[in-house]
Amino acid sequence: MLHRLAPRWTVRRQLAKVAVDGVRNPSHLRSRVNRHNLSALRRFHRTTADCNICGHHGRLLYEMPDLEVLRRHHIGFLRESVRCRACGSKMRDRALAAGLLGELSRRFDVQAATIDELATVLPPDLKILETDAASRLSRRLADSPSVTRSLYYPDRASGESLGEERLLNVDLEQMPFEDDSFDLILTTEVMEHVRHVEVAHREVARCLRPGGAYVFTVPYDPALEETLVLIDPETDEPLVLPMHMHGDPGMRDEGIKSYRVFGRDIVETLGRCGLETRFAPVEDPAIGVFGGDLFVAELPTA
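Per chain, residue numbering runs from 1 following the sequence as it is written. Only residues with pLDDT of at least 70 are given local features in this predicted model, and only at 80 or more are side-chain atom pairs given and counted; all residues enter the totals for whole chains, interfaces and linings. Side-chain metrics in this entry use all non-hydrogen atoms of the structure; hydrogen atoms and water are not considered.

The subject of this paragraph is the overall build of the chain. Put simply, DSSP marks the helices as runs of H or I at least four residues long and the strands as runs of E at least two long, and each gets a number from the N terminus on. The number of helices and strands found in the chain is ten helices and 16 strands. Seen along its three principal axes, the alpha-carbon backbone of the chain occupies a region of about 55 × 45 × 35 Å. In what follows, a contact means two residues having at least one pair of non-hydrogen atoms within 4.5 Å. Partitioning the intrachain contacts of the chain with sequence separation of at least 6 by distance along the chain shows that 60% fall at a separation of at least 24. A total of about 14400 Å² of accessible surface is found on the chain, and carbon and sulfur atoms cover 53% of it. Only four residue types enter the charge count, namely Lys and Arg as positive and Asp and Glu as negative; His and the chain termini do not. Positions of charges follow a simple convention, taking NZ of Lys, CZ of Arg, CG of Asp or CD of Glu. The average position of the 40 basic charges and that of the 46 acidic charges among the side chains of the chain differ by 10 Å. Here the Shrake-Rupley method, with its probe set to 1.4 Å, supplies the accessible areas, and only the displayed protein chains count as covering residues.

What follows deals with the state of the cysteines. Only a pair of cysteine sulfur atoms within 2.5 Å qualifies as a disulfide here. Summed over the entire model, instances satisfying the criterion amount to zero disulfides. No disulfide involves Cys 84; its sulfur sits 3.7 Å from that of Cys 54, the nearest cysteine. Accessibility expressed as a relative area gives 3% for Cys 84, which makes it buried. Residue burial is assigned from relative accessible area. The probe radius is 1.4 Å, only protein chains are included, and a residue is buried under 20% of its type maximum, exposed over 50%, and partly exposed in between.

Relative to the elements of secondary structure, Thr 10 occurs in the loop between helix H1 (2-5) and helix H2 (11-24). For the pair Thr 10 and Cys 84, spaced 74 residues apart in sequence, the C-alpha separation works out to 9.9 Å. With residues near it in sequence (within four places) discarded, Thr 10 still touches Leu 61 and Arg 85.

This brings us to unusual backbone geometry. Most peptide bonds adopt trans geometry, and most residues besides glycine take a negative phi value. A cis amide bond, omega -5°, links Leu 241 with the succeeding residue Pro 242. Turning to its location among the elements, Pro 242 is positioned in the loop between strand E9 (228-229) and strand E10 (245-246). Positive phi outside glycine occurs at Met 64, with the angle close to 55°. As for its placement among the helices and strands, Met 64 is situated in the loop between strand E2 (57-61) and helix H5 (67-72). Backbone geometry places Asp 180, a non-glycine residue, at a positive phi of 60°. Taking the relative accessible area as the measure of exposure, Asp 180 reaches 40% and is therefore partly exposed.

Next up on the list: the sheet that holds strand E7 (residues 182-188). When DSSP finds two or more bridges between a pair of strands, those strands are recorded as paired. The strand order E6-E5-E4-E7-E8-E16-E13 describes an open sheet built from seven strands, whose pairing is mixed. Two strands bound the open sheet, and with one partner strand each, they are strand E6 (167-169) and strand E13 (276-279). On average, each strand axis in the sheet is inclined to that of its neighbour by 20°, with strand direction left out of account. Two strands pair when backbone bridges link them, and strand E8 (residues 208-217) and strand E16 (residues 295-298) are joined in this way by four bridges, in the antiparallel orientation. Directly across from Phe 216, in E16, lies its bridge partner Phe 295. This element, helix H6 (residues 91-108), spans strand E4 (128-130), E7, E8, E13 and E16 of the sheet and lies at about 160° to E8. Working convention: axes come from line fits to C-alpha atoms, limited for helices to the stretch in contact. Angles between N-to-C directions cover 0 to 180 degrees.

Okay, a nonpolar patch on the surface next. Patch members must show over 30% relative accessible area and no salt bridge, and they are joined within 9 Å when carrying like charges or within 5 Å when they are nonpolar side chains of Val, Leu, Ile, Met, Phe, Trp or Tyr. We define a salt bridge as a side-chain nitrogen of Lys or Arg found within 4 Å of a carboxyl oxygen belonging to Asp or Glu. There is a patch of nonpolar side chains on the surface, built from Leu 29, Val 33 and Leu 38 and spanning about 200 Å² of accessible area. As for its position among the elements, Val 33 is in the loop between helix H3 (29-32) and helix H4 (35-45).

Taken together, the three strands give an open sheet; going across it, the order is E1-E2-E3, and neighbouring strands pair in antiparallel fashion. Only two strands of the sheet have a single neighbouring strand rather than two, namely strand E1 (48-50) and strand E3 (83-84). Two elements, E2 and E3, share two bridges in a ladder whose sense is antiparallel. Pairing of Leu 61 across the sheet is with Arg 83, part of E3.

Take the residue count of a helix, subtract one, and multiply by 1.5 Å to get its expected span. For H2, with 14 residues, the first-to-last C-alpha span of 20 Å sits near the 20 Å given by 1.5 Å per residue. Within the sequence span of H2, burial applies to Val 11, Arg 13, Gln 14, Val 18, Asp 21 and Gly 22.

Here Thr 188 shows up in strand E7. In protein, a polar contact requires one atom able to donate a hydrogen and another able to accept it; more generally it is a pair of N or O atoms within 3.5 Å, and residues adjacent in sequence count only if both atoms are side-chain atoms. Within the structure, Thr 188 has its side chain in polar contact with the side chain of Arg 92 (distance 3.2 Å). At 2.8 Å, the side chain of Thr 188 and the side chain of Thr 217 are in polar contact. When sequence neighbours within four positions are dropped, the list of residues in contact with Thr 188 reads Arg 92, Leu 96, Asp 132 and Thr 217.

Below you can see the structure in the form of structure tokens.
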């Protein structure tokens, strides 16, 4: 009945979700139902784009996020919203897809307009590690022999199979791969959850082939000169309250702890790990990306 009255990825379903949340959490209502969100809802209801993940052409959906939570977490108000109404991809999903498609074109002459198309043209000798197997992008590449996908469950061994071909449990601080294993490594909203992030980035550098690229998104605030540490990585004690809890692909009800919001020093810290990094924001309304954060880090050839 709900799917007929309010289909998924529609304004009707979104308003119903806001109403339910308002009943359960009245204190959240003002930060979701306000002039800013209502204006954006109308704007994107009239905005069309070609999704670079599934290829759908149509109107976008603004989800009326909790603006207070976004401000506290240093997250732009469009980043986790502005969904494709066909596949449900968020703006940051399409920003990552744009980065992946662009690097494949530039480095390896692999041409594709969407992730669905990419899945049909990836050469088998090209090796990609996609570290968020629950993402829409990742699931669409699951059948490609070029792509290894991963999640992380701390109670399981790094490298253990998760029941699907080329789907592994991977601890990014001790990756179960040989040196020079991948041409491209992708992470999206992952590195803020890793306790010792420089250890993980050194592992990324070790597993990349020379000339390979690490394409990623993280919570990033350019106003921060230095990365804001939210939880002490050694003691695991919170330094900022309330704690930043993010939704988790492992479906932990309480979410997953975020250890940091990255600042401009991310380029320098990745340099210490052997990666030449650039901030490569995506501005492409044609694919529904309006100032999407993106980083590209390259392992030099010599």
